[in-house]
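These are the residues of each chain, in order.
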Amino acid sequence: MRRTLFDEDHEAFRDTLRAFIEAEVVPVYDEWFAAGQAPRDFYYKLADLGVFGIRVDEEYGGAGIDSYKFEAILYEETARAGVSFGGSGVHVLLGLPYIKLLATDEQKKRYLPKFVSGEEMWAIAMTEPGTGSDLAGMKSTAKLSEDGTHYVLNGAKTFITGGVHADRMIVCARTSAPTAEDRRHGISLFVVDTKAEGYSVGRKLDKLGLKTSDTAELAFVDVKVPVEDLLGEENKGFYYLGHNLASERWGIAYGAYAQAKAAVRFAKQYVQDRVVFGKPVAAFQNTKFELAACQAEVDAAEAVADRATEALDAGELTPAEAASAKLFCTEVAHRVIDRCLQLHGGYGFMNEYPIARLYADNRVNRIYGGTSEIMKSIIAKDMGL
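Given the structure is predicted, the values throughout are model-derived calculations rather than measurements.

Draft legend 1. The arrangement of the overall build of the chain in detail. Assigned secondary structure in the chain consists of 11 helices and 10 strands. In terms of C-alpha radius of gyration, the chain reaches 21 Å, essentially the compact-globule figure of 21 Å for 385 residues. Overall, the C-alpha framework of the chain stretches about 80 × 50 × 40 Å when taken along its three principal axes. Within the span of the chain, comprising 385 residues, buried residues form 51% of the whole. Of the contacts formed within the chain by residues at least 6 apart in sequence, a portion of 75% connects residues at least 24 apart. Counting only carbon and sulfur atoms, one obtains 53% of the accessible surface of the chain, whose full area is about 17,800 Å².

The following block contains the structure:
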């Protein structure tokens, strides 16, 4: 089917990115996989490529392009090559929307030039041990000092992608207690310097998949955060989180679609090359039927992902639509990648094959950014159920 999502500029960026991946990532990706993270220096290369500044205004060193389509191409090309860019995805997809939405002009002047150059990598710390998707249940606190110059941050976070390499962390913490009427009241957002006294990175978590992204536990013990680094208004953090979850869930949906598309590509290549019983695996009717069914699901996911991208660019992607796109694309990817791995036989279980890594990487898509069950709840509520 003919796609209308991308134009010539997007395809030129795709060509540049594909060449970059082949030269800078593919030859060393096994080393990153074994190390459990991409090297910090790699992020400077991404910055030089212009990846971090696409949606940043020109006055701060960016390209000033207000579109997520270039990020969509990042998802497609990394999946196609069977690689990732480590934990850098949260820098742009999660960190930038909060800066653009909430930062004052003074804050943007301090934050964005270093954001674009890769000098300061950003991540966001929401989830806490024991809370999971229940963000209103967070226990971390930020108390304003008596002289009003800083907040004192205490608490812990877990499952923080980008947490090892981050230089700036957007931390969600309670500045007021929840009310009887609203458990979500009292959460605020802070930009925390990870070199601040009392800020510590705990374990780098050993995950099932996403082996090259640095995911960590964090702890805060009397961390002083200047009042100038409060992001947005006090006690409105939960609203801000909800506002930006649409773009986060779009990213997970689009990434899942891209993974499913890549899985079909990997499986097709494998079954054409692999010979059993004297003929290619691709020659068997079951293989043809399986891949045809997978391709049909990928086509449907592509349509959903493209529509969500257009809506996001237009500022019209609703929370329910984002939840629907995430639910559909992640469930499709789950089915497609599993079937494509099956076509690899025993080799599909070996990490040297990209389908095995893709299988493990994909599993978290139905968990983070809100589980599939949470997505169904959001959709049902929007339906009036």
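There's plenty left to go through after this.
Draft legend 2. The arrangement of the pairing of strand E2 (residues 141-144) in detail. Summarising the sheet, E2 and strand E3 (residues 150-161) pair through 4 bridges and their orientation is antiparallel. Residue pairing for E3: Ala-142 is matched across the bridge by Leu-153. Linkage of E2 to E3, two consecutive antiparallel strands, is achieved through a turn of 5 residues, within which Gly-148 is found at a positive phi near 75°.

Draft legend 3. Up close: the side chain of Thr-215. Along the chain, the position of Thr-215 falls in strand E7 (residues 215-226). Apart from the residues within four sequence positions on either side, Thr-215 is in contact with Phe-159, Ile-160, Thr-161, Arg-203, Lys-204, Leu-205 and Lys-207.

Draft legend 4. Expanded view of unusual backbone geometry. Its identity is not glycine, yet Phe-159 carries a phi of approximately 60°, on the positive side. On the basis of relative accessibility, which here comes to 58%, the residue Phe-159 falls in the exposed class. Here Asp-222, not a glycine, exhibits a phi torsion of approximately 55°, which is positive. In this structure, Asp-222 sits in strand E7.

Draft legend 5. Just the side chain of Asn-244, in detail. Along the chain, Asn-244 falls in helix H7 (residues 237-273). By relative accessible area, which is 7% here, Asn-244 ends up buried. Apart from the residues within four sequence positions on either side, Asn-244 is in contact with Pro-97, Tyr-98 and Leu-101.

Draft legend 6. Spatial organisation of the packing of aromatic side chains. Within this structure, the stated rule accounts for 20 aromatic pairs. Considering the side-chain rings of Tyr-199 and Phe-220, the 5.6 Å spacing of their centres and the 50° angle between planes classify their relative orientation as tilted. Of this pair, Tyr-199 sits in strand E6 (residues 199-204) while Phe-220 sits in strand E7; the two residues are 21 residues apart in sequence, bridging distant segments of the chain. The pair formed by Tyr-199 and Phe-220 is uniform in burial state, with each residue classed as buried. The structure contains a cluster of three or more aromatic residues connected by ring pairs, namely Phe-20, Tyr-29, Trp-32, Phe-42, Tyr-43 and Phe-85. When the ring centre of Tyr-68 is taken as origin, the NZ or CZ atom of Arg-55, which lies over that ring, is 3.9 Å away.

Draft legend 7. Focus on the packing of helix H5 (residues 89-102) against helix H6 (residues 105-117). Two elements in contact, H5 and H6, have axes whose closest approach is 10 Å; the angle formed by their N-to-C orientations is 160°. In terms of orientation, H5 and H6 fall into the roughly antiparallel class. Crossing hand, H5 versus H6: left-handed. On H6, the residues that touch His-91, Val-92, Leu-96, Ile-99, Lys-100 and Leu-102 of H5 are Gln-107, Lys-108, Tyr-111, Leu-112 and Phe-115. Here the contact of H5 with H6 is composed, by residue class, of 7 nonpolar, 2 polar and 2 charged.

Draft legend 8. Structural context of the pairing of E3. Bridge analysis of E3 against E7 gives 9 bridges, and the strand direction is antiparallel. Its bridge partner being in E7, Ala-156 is matched across the sheet by Ala-219.

Draft legend 9. Looking closely at the environment of Asp-105. In this fold, Asp-105 is placed in helix H6. A C-alpha to C-alpha distance of 32 Å links Asp-105 and Pro-39, two positions 66 residues apart in sequence.

Draft legend 10. Structural view of the packing of helix H1 (residues 8-24) against helix H4 (residues 69-81). With their axes 10 Å apart at the nearest point, H1 and H4 run at an angle of 35° to one another. Along this stretch, H1 crosses H4, giving a crossing that reads as right-handed. Of the residues in H4, those in contact with Asp-9, His-10, Phe-13, Arg-14, Leu-17, Arg-18 and Ile-21 of H1 are Lys-69, Phe-70, Ile-73, Leu-74, Glu-76, Glu-77, Thr-78, Arg-80 and Ala-81. Here the contact of H1 with H4 is built from residues that sort into 7 nonpolar, 2 polar and 7 charged.

Draft legend 11. Here's a closer look at helix H10 (residues 354-362). Judged by how many residues are buried, H10 sits mostly within the fold: 7 of 9 residues are covered. Three or more residues of H10 are buried, namely Ile-355, Ala-356, Arg-357, Leu-358, Ala-360, Asp-361 and Asn-362.

Draft legend 12. How the structure looks around a negative patch on the surface. A cluster of acidic residues, Asp-57, Glu-58, Glu-59 and Asp-105, forms a negative patch on the protein surface. Accessibility expressed as a relative area gives 62% for Glu-58, which makes it exposed.

Draft legend 13. Layout of the pattern of salt bridges. Under the defined criterion, the tally for this structure stands at 27 salt bridges. Here Arg-14 and Glu-11 are joined by a salt bridge, their closest N and O atoms 2.9 Å apart. One end of the pair, Arg-14, and the other, Glu-11, are both in helix H1, 3 residues apart, so they sit about a helical turn from each other. What makes Arg-14 buried here is its relative accessible area of 9%. Residue class for Glu-11 comes out partly exposed when judged on its relative accessible area of 31%. Notably, a salt bridge pairs Lys-45 with Glu-24, separated by 2.9 Å at the nearest N-O pair.

Basis of the calculations
- Residues numbered from 1 in each chain as written.
- Predicted model: local features only at pLDDT ≥ 70, side-chain atom pairs only at ≥ 80, totals over all residues.
- Heavy atoms only, no water.
- Helix = DSSP H or I, 4+ residues; strand = E, 2+ residues; numbered from the N terminus.
- Rg over C-alpha atoms; globule rule 2.2 N^0.38 Å.
- Buried < 20%, exposed > 50% of the residue type's maximum accessible area, 1.4 Å probe, protein only.
- Contact = heavy atoms within 4.5 Å.
- Areas by Shrake-Rupley, 256 points an atom, 1.4 Å probe, with all protein chains shown as cover.
- Pairing = 2+ DSSP bridges.
- Phe/Tyr/Trp six-rings, centres within 6.5 Å; stacked < 30°, edge-to-face > 60°.
- Lys NZ or Arg CZ within 6 Å of the ring centre and 35° of its normal.
- Axes fitted to C-alpha atoms, helices over the stretch in contact; angles between N-to-C directions.
- Parallel < 35°, antiparallel > 145°, perpendicular 65-115°, else oblique.
- Left-handed = near helix turned anticlockwise from the far one by under 90°.
- Nonpolar A, V, L, I, M, F, W, Y, C, P; charged D, E, K, R; others polar.
- Patch = residues over 30% accessible without salt bridge, like charges linked within 9 Å, V, L, I, M, F, W, Y side chains within 5 Å.
- Salt bridge = Lys/Arg side-chain N within 4 Å of Asp/Glu carboxyl O.
- Lys, Arg positive; Asp, Glu negative; His and termini not counted.
- Charge placed at Lys NZ, Arg CZ, Asp CG, Glu CD.

The quantities given are spatial measurements derived from coordinates; they are silent on function.
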